[in-house]
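Summary of structural features
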Amino acid sequence: MLYLHNTLTRAKEEFKPIDPNHIKMYVCGPTVYDFAHLGNARAIVVFDTLYRLLQRHYPQVTYARNITDVDDKIMAKAAETGESIETITTRTTQAFHDDMAALNALPPTVEPRATQYIGEMIDMIKTLIKKGHAYVGEGHVLFNVPSMPDYGQLSRSTHDELIAGARVDIAPYKKDATDFVLWKPSTKEQVGWDSPWGRGRPGWHIECSAMAAKNLGEIFDIHGGGLDLRFPHHENEIAQSRCVHGTTVMANYWLHNGFLMANGEKMSKSLGNFYTVRDLLTVAPGEALRLALLSSHYAKPLDFSIEALQAAKAKLDKWYGALRVVNWTPHTTGKPNSEIEDALLDDLNTPLVISHIDGLVKHVHARRISQGGGDEGVKNELLNSAHTLGLLQQSPEEWFRWQPAAQTGPTESEIEAQITARLAARQAKNYAESDRIRDALAAQGVILEDAATGTTWRRG
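Residues numbered from 1 in each chain as written. Predicted model: local features only at pLDDT ≥ 70, side-chain atom pairs only at ≥ 80, totals over all residues. Heavy atoms only, no water.

1. Quick word on the overall build of the protein chain
Heads up, the condition is: Put simply, DSSP H or I for four residues or longer makes a helix, DSSP E for two residues or longer makes a strand, and each gets a number counted from the N terminus. Note on classification: 1.4 Å probe, protein chains only; a residue is buried when its accessible area is under 20% of the maximum for its type, exposed when over 50%, partly exposed between these limits. The contact criterion used is simple: two residues touch if any of their non-hydrogen atoms lie within 4.5 Å. Computed with a 1.4 Å probe, the accessible areas rest on the Shrake-Rupley method; for each residue, only the protein chains presented here act as cover. This count recognises Lys and Arg as positive and Asp and Glu as negative, with His and chain-terminal groups excluded. Charge placement uses NZ in Lys and CZ in Arg. For Asp and Glu, CG and CD serve respectively.
Scanning the protein chain for helices and strands turns up 16 helices and 15 strands. Along the first, second and third principal axes, the C-alpha set of the protein chain runs to 90 × 50 × 35 Å. The buried share of the protein chain, taken over its 460 residues, is 49%. Pairs at least 24 residues apart make up 76% of the contacts formed inside the protein chain by residues separated by at least 6 positions. In the structure as shown, the protein chain presents an accessible area of about 20600 Å², 51% of it carried by carbon and sulfur atoms. When the 48 positive and 56 negative side-chain charges of the protein chain are each reduced to one mean point, those points stand 2 Å apart.

Written out as structure tokens, the structure is:
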């Protein structure tokens, strides 16, 4: 049985799907105005791991993850750069896809884009107005928060706390300080669409409500995202969706991954400890970044550092080194053992899975030292276990050929030529020359590893 911590109830609960034959999950995706940052990546990696787990246990899983391609941040970027909005969103969406692919994230089942659902958003707003949950003021349409008596269940905040938490503007057209925008007017220079309330554009929250309803229905199983989205974004999604459809919930389970910290401080551009995925991929491979993001439980804060990323890279060096020992071959993923699966079924306990894999790797290396060879019996267990986390997705040779973008060194053909020259020196019993070649390569960041089957290499 699967257990998940439900933010709505503040408890870990047994997952009971609406339809056991078809699980439906929605996760908030990026606003595409710049490169994806580490906070985007943590949410993607966490819910990708859940997606993989759900696929192993249910016949069909629909995973919807949106692209926000209309937003004031995008408009500001266009004004700053002089580029068109379409140019910016096309380029940054492709960059997002490339970066997430580098993290071994599976593509979602559907990827709705906000601009494709303007009609659905307008229809939802019309319904909210008709039902008395929204009103028009100075060209804006606002959700009337006091019209929903149990608003705030997700964040569990009082009316005053909601005002403070939202950092709202006290606009003259608002009936209540907590009311939020569903539709806002656009100038001639701003992107906009015709509507019953004039030319304008949607508010951020209504976008996800419309895309989720269209692709998953009025009520679906799981809604996920970062903890920073719990309020106001997810709270407002719930309000809009429930009031439009007349339902008691929008989704049955709400999951939130914890905040990202950097050396004990909250990650932010102003503090200079802000990372984009694109920048980090020049420091370490995508799998290392993925492992670093899964190293603590998803619901807890994660203190990230370059040192932690390098430690994840070193750990994967050991894991891939173990695959070399057991003679890695292309592998069709099978079922992980019960210990691994039980850890993931218990609210995605990824640290326990990583610990188990460490134990398998230690066993392989210990057997190599004691018996001069690896235990091929653990190869499938090692691969099946790592694949649950989206790791060990390439051959050891591919892994060890990676090098940081800023690092220069010998090419692969040059390394192979040096290994051939070293073998010839050893056969001629010219051990001084053999050692010289080995040491020269080591000085250039290339480590040679001798075994009965021959010499392999990796970049250190």
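2. Focus: the pattern of salt bridges
Using the following cut-off: Any Lys or Arg side-chain nitrogen located within 4 Å of an Asp or Glu carboxyl oxygen qualifies as a salt bridge.
Applying the stated criterion across every chain yields a total of 16 salt bridges. Of the charged contacts in the structure, one is a salt bridge between Lys 313 and Asp 317, with a shortest N-O distance of 3.0 Å. Here Lys 313 pairs with Asp 317, and both are found in helix H10 (residues 306–325), just 4 residues apart, close to one helical turn. We classify Lys 313 as buried; its relative accessible area is 14%. For Asp 317, a relative accessible area of 14% puts it in the buried group. Connected via shared salt-bridge partners are Asp 48, Arg 52 and Arg 290.

3. Observations concerning the side chain of Asn 66
Our working definition: N or O atoms closer than or at 3.5 Å make up a polar contact, with two conditions inside protein: a donor-capable atom paired with an acceptor-capable one, and, for residues adjacent in sequence, both atoms drawn from side chains.
Mapped onto the fold, Asn 66 is located in the loop between strand E4 (61–65) and helix H2 (72–81). Asn 66 sits in the buried class, given a relative accessible area of 0%. Engagement of the side chain of Asn 66 in a polar contact is seen with the backbone nitrogen of Gly 29, the distance being 2.7 Å. Side-chain polar atoms of Asn 66 contact the side chain of Thr 68, separated by 3.1 Å. Once residues lying within four places of it in the same chain are set aside, the contact partners of Asn 66 are Tyr 26, Val 27, Cys 28, Gly 29, Pro 30, Pro 112, Cys 208 and Met 211.

4. Considering the packing of H2 against helix H3 (residues 85–102)
Inclusion rule: Comment: axis = line fitted to C-alpha atoms, over the contacting stretch for helices; angle = value between 0 and 180 degrees taken between N-to-C directions. Throughout, the term roughly parallel applies to angles under 35 degrees, roughly antiparallel to angles over 145, roughly perpendicular to angles from 65 to 115, and oblique to all others. In a left-handed crossing the near helix is turned counterclockwise from the far helix by less than a right angle, and in a right-handed crossing that turn is clockwise. Residue type decides the class: Asp, Glu, Lys and Arg count as charged, Ala, Val, Leu, Ile, Met, Phe, Trp, Tyr, Cys and Pro as nonpolar, and the leftover types, Gly among them, as polar.
At their nearest, the axes of H2 and H3 sit 9 Å apart, and the two run at 110 degrees to each other. The orientation of H2 relative to H3 falls into the category roughly perpendicular. Crossing hand, H2 versus H3: right-handed. In contact with Ile 74, Met 75, Lys 77, Ala 78 and Thr 81 of H2, H3 contributes Ile 85, Ile 88 and Thr 89. Residues of the contact of H2 with H3, tallied by class, amount to 5 nonpolar, 2 polar and 1 charged.

5. Here we look at the pairing of strand E2 (residues 11–14)
The criterion, for reference: Only when DSSP finds a minimum of two bridges between them are two strands counted as paired.
Bridge count for strand E1 (residues 3–6) against E2 is 4 bridges, and the pairing is antiparallel. Across the sheet, the residue bridging to Leu 4 is Glu 13, located in E2. A loop of 4 residues connects E1 with E2, the two strands running antiparallel in sequence, and Arg 10 in this loop sits at a positive phi of about 60 degrees.

6. Considering the sheet that holds strand E13 (residues 302–304)
If you trace the 3 strands from one edge of the open sheet to the other, you get E12-E11-E13, paired in mixed fashion. Each edge of the sheet is formed by a strand with only one pairing partner; in this case those strands are strand E12 (265–266) and E13.

7. A look at the nonpolar core
Quick note on the threshold: To form a nonpolar core, buried Ala, Val, Leu, Ile, Met, Phe, Trp, Tyr and Cys residues must be joined to one another through side-chain atoms within 4.5 Å.
Formed by 75 residues in total, the largest nonpolar core has its most connected members in Leu 38, Leu 50, Leu 54 and Phe 304. It is helix H1 (residues 38–57) that provides the largest number of residues to this core, a total of 10 residues. Not counting chain neighbours up to four residues away, the residues in contact with Phe 304 comprise Leu 38, Leu 260, Met 261, Ala 262, Asn 263, Met 267, Tyr 275, Leu 280, Leu 289, Ala 292 and Leu 309. Formed by 39 residues, the second largest nonpolar core is a distinct cluster that contains Val 141, Ala 212, Val 244 and Ala 251.

8. Examining the environment of Val 325
As for its placement among the helices and strands, Val 325 is situated in helix H10. Residues Val 325 and Val 361, 36 residues apart in the sequence, show an inter-C-alpha distance of 10.0 Å.

9. Observations concerning unusual backbone geometry
Of note, the bond from Phe 231 into Pro 232 is cis; its omega dihedral lies within 30 degrees of zero at 5 degrees. Inspection of the secondary structure assignment puts Pro 232 in helix H7 (residues 230–245). Within the chain, Leu 348 stands out as a residue other than glycine whose phi angle is a positive 55 degrees. Summarising the element assignment, Leu 348 is placed in the loop between helix H11 (338–345) and helix H12 (350–371).

10. Thoughts on the pairing of strand E3 (residues 23–27)
This is how the line gets drawn: The crossover handedness rule: strands pointing away from the viewer, path from first strand over the helix to second strand clockwise, crossover right-handed.
Counting buried residues in E3 gives 4 out of 5 residues, a clear majority hidden from the surface. The sheet contact formed by E3 and E4 spans 5 bridges and is parallel. Across the sheet, the residue bridging to Tyr 26 is Ala 64, located in E4. With H1 bridging E3 and the parallel E4, this β-α-β connection has right-handed handedness.

11. A closer look at the packing of helix H6 (residues 204–216) against H7
Packing of H6 against H7 leaves a shortest axis separation of 8 Å and a crossing angle of 55 degrees. Relative to H7, the element H6 lies oblique. As H6 runs across H7, the sense of the crossing is right-handed. On the side of H6, the interface is formed by Trp 204, His 205, Ile 206, Cys 208, Ser 209 and Ala 213, while H7 contributes Pro 232, His 233, Asn 236, Glu 237, Gln 240, Ser 241 and His 245. Considering only residue class, the contact of H6 with H7 consists of 5 nonpolar, 7 polar and 1 charged.

12. Here's the deal with the environment of Ala 284
As for its position among the elements, Ala 284 is in the loop between helix H8 (277–280) and helix H9 (286–294). In this structure Ala 284 comes out as buried when scored by relative accessible area, which is 2%. Through-space distance from the C-alpha of Ala 284 to that of Ala 312 is 9.1 Å; in sequence the pair is 28 residues apart. Setting aside its immediate chain neighbours within four residues, Ala 284 contacts Leu 309 and Trp 402.

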